[in-house]
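So you can see what is in the structure, the chains are spelled out below.
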Amino acid sequence: MTSTHKILQAGPLPPPLASKLPALCPVEILSDKPDPAAFLQRQGNEFTVLVTTGTQGATRGLIDALPNLQAICSLGVGYDAIDMDAVRARGLMLSNTPDVLNDCVADLAMGLLIDAVRGLSASDRHVRRGDWPRVGPTSPSTRVSGKRLGMLGMGRIGQVIARRATGFDMDIRYHTRSPKPQLPWQHEPSLIALAQWCDFLIVACPGSPETFHLVSADVLKALGPQGYLVNISRGTVVDEEALVAALENGELAGAGLDVFEHEPEVPAALIANEHVVLLPHVGSATRETRAAMCGLVLDNIRAFLADGRLVTPVGP
Ligand code: 8YV
């Protein structure tokens with residue numbers, strides 16, 4: 001390992017990762033600096049590696065402030081918060097943490113679906129409020145097994161969700177830009193048609209300018225008053241204002257959301273809605289998966305420091 005490298009850690013990282021960085025090469029933590037902008041101006045040219053997360057990201061401003069940057073190693077599979085134009089323009093290497101989180105994110109998607117459709121969290125609140133002995137159990141909910149599942153996105157995580165849904169005897173179709181003929185599920189070229197067909201729509205596509213607000217007011221209308229939306233990908237894929245309106249107008253039955261357009265801010269109208277299950281972006285947040293993600297970030301940094309390559313590079 002060469003001593004010419006220096007890591008800039010953008011912000012807080014899980015301890016299994018943060019604690020191991022200093023053994024690799026010198027590290028500075030940007031978010032700990034009293035005046036991060038002044039720090040970057042003074043010392044930005046010292047850093048060759050930026051370690052960040054899918055949610056912390058890396059703005060063009062940050063990348064521009066690091067003139068000797070060579071590699072960005074990010075914790076998380078999604079890299080929509082990293083300015084890809086700046087990455088390409090500078091010819092930077094970028095790694096993410098794919099695959100190791102597929103199972104836990106898929107588990108959470110099924111959990112959100114069952115919770116929203118069967119009203120688990122709402123029923124839990126009912127019992128805790130003491131309503132059971134006073135007014136009886138909650139009203140019957142909606143069946144999950146055997147229903148029609150529409151998948152928006154059918155990448156690595158989407159395929160694991162679809163396999164889980166197969167175990168619930170669901171009929172599955174998916175919408176992606178191009179069909180994946182090797183998969184056993186039917187491709188639907190129109191998202192509106194998919195939403196019209198399905199009972200439940202699960203969003204599992206990456207966040208990007210191309211997927212921004214793909215789940216529009218029209219898509220929600222097509223999903224309809226008996227339909228449920230689940231989002232475990234990025235809040236930006238769903239027009240959140242349209243979602244709030246659809247839920248309030250009874251144009252949608254409910255939703256299970258792990259991600260939000262302006263997270264960690266969650267609209268008050270969603271918080272007040274009994275038909276919505278809200279989670280604080282915890283899809284990959286199990287000890288086992290976070291350990292695997294941290295391990296993969298470390299593997300990428302080690303490989304880069306040793307011979308200038310990444311283990312899980314993003315892009316060509
Ligand atoms: C992480 C994620 O919570 O992998 C992703 O894209 O959104 C999550 O697994 C996040 O990246 C860590 O900050």
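For the structure itself, consult the block above.
Being a predicted model, the structure only gives us computed values, none of them experimental.

Topic: the nonpolar core
Right, so step 1: Counting residues in hydrophobic clusters, the biggest one holds 51 residues, and the most contacted among them are Leu 21, Met 151, Ile 161, Met 170, Ile 172, Ile 232 and Ile 301.
Right, so step 2: Looking at which element gives the most residues to this core, the answer is helix α5 (residues 102-118), with nine residues.
Right, so step 3: In contact with Ile 301, other than residues within four places in its own chain, are Ile 7, Leu 21, Leu 24, Val 51 and Cys 73.
Right, so step 4: Counting residues in each nonpolar core, the second largest holds 28 residues, with Leu 152, Val 203, Leu 220 and Val 244 among its members.

Some points on the sheet that holds strand β7 (residues 171-175)
Right, so step 1: Taking strand neighbours across the sheet as the criterion, the seven strands line up as β8-β7-β6-β9-β10-β11-β12 in an open arrangement whose pairing is parallel. Across the chains shown, the open sheet's two edge strands, defined by having one partner strand only, are β8 (186-187) and β12 (276-278).
Right, so step 2: Where β7 meets β8, two bridges bridge the pair, whose relative direction is parallel. Residue pairing for β8: Arg 173 is matched across the bridge by Gln 186.

A look at the pattern of salt bridges
Right, so step 1: The full count for this structure, using the stated rule, is 14 salt bridges.
Right, so step 2: The partner of Arg 129 in a salt bridge is Asp 131, and the shortest N-O contact between them spans 2.9 Å.
Right, so step 3: Within the structure, one salt-bridge network assembled from shared partners comprises Lys 6, Glu 28, Lys 33 and Glu 46.

Considering the environment of Gly 254
Right, so step 1: For Gly 254, the position within the fold is in strand β11 (residues 254-257).
Right, so step 2: Judged by relative accessible area, which is 0%, Gly 254 ranks as buried.
Right, so step 3: Along the sequence, Gly 254 and Leu 243 sit eleven residues apart, while their C-alpha atoms lie 9.6 Å from each other.
Right, so step 4: Apart from the residues lying within four places of it in its own chain, the contact partners of Gly 254 are Gly 227, Tyr 228, Leu 229, Leu 247 and His 275.

A closer look at helix α2 (residues 36-43)
Right, so step 1: The set of residues buried in α2 consists of Phe 39, Leu 40 and Gln 43. Seen end-on, α2 carries its buried residues on one side only, within an arc spanning 100°. Exposed positions of α2 whose direction lies more than 90 degrees from the buried face are Ala 37, Gln 41 and Arg 42.
Right, so step 2: Buried residues belonging to α2 abut β1 (7-9), β2 (27-29) and α3 (60-64).

Digging into the site of the ligand
Right, so step 1: The immediate surroundings of the ligand are formed by 13 residues, with Val 77, Gly 78, Arg 234, His 281 and Ser 284 found nearest.
Right, so step 2: Side-chain polar atom of Thr 55 to an oxygen atom of the ligand: 2.9 Å apart, as the coordinates give it.
Right, so step 3: One nitrogen or oxygen atom from the side chain of Arg 290 is found 2.9 Å from an oxygen atom belonging to the ligand.
Right, so step 4: In the complex, the protein chains occlude 89% of the 330 Å² of accessible area that the ligand would expose alone.
Right, so step 5: Among the residues making up the shell around the ligand, the classes are represented as four nonpolar, seven polar and two charged.

Reading guide: rules and limits
Residue positions are given per chain, counting from 1 as you read along its sequence in written order. Given that this is a predicted model, residues contribute local features only at a pLDDT of at least 70 and side-chain atom pairs are listed and counted only at 80 or more, while totals for whole chains, interfaces and linings are drawn from all residues. In computing side-chain values, all of the structure's heavy atoms are included and hydrogens and water are not. To define a nonpolar core, start from buried Ala, Val, Leu, Ile, Met, Phe, Trp, Tyr and Cys residues and group those joined through side-chain atoms within 4.5 Å. Three labels apply to residues, based on accessible area from a 1.4 Å probe with only protein chains included: buried if under 20% of the type maximum, exposed if over 50%, partly exposed otherwise in between. The numbering of helices and of strands both runs from the N terminus, where a helix is a DSSP run of H or I of at least 4 residues and a strand a run of E of at least 2. The contact rule is simple, with two residues in contact once any of their heavy atoms fall within 4.5 Å. The pairing criterion for strands is at least two bridges between them, as found by DSSP. Salt bridge criterion: a side-chain nitrogen from Lys or Arg within 4 Å of a carboxyl oxygen from Asp or Glu. Along the arc lie the directions from the helix axis toward the C-beta atoms. Throughout, the term near means that a residue has one or more heavy atoms lying within 4 Å of the molecule or strand in question. Pairing of N or O atoms within 3.5 Å defines a polar contact, subject to two protein rules: one partner must be a possible hydrogen donor and the other a possible acceptor, and residues neighboring in sequence count only if both atoms are side-chain atoms. Accessibility throughout is a Shrake-Rupley quantity obtained with a 1.4 Å probe, and a residue counts as covered only by protein chains that appear here. Classification convention: Asp, Glu, Lys, Arg as charged; Ala, Val, Leu, Ile, Met, Phe, Trp, Tyr, Cys, Pro as nonpolar; all other residues, Gly among them, as polar.

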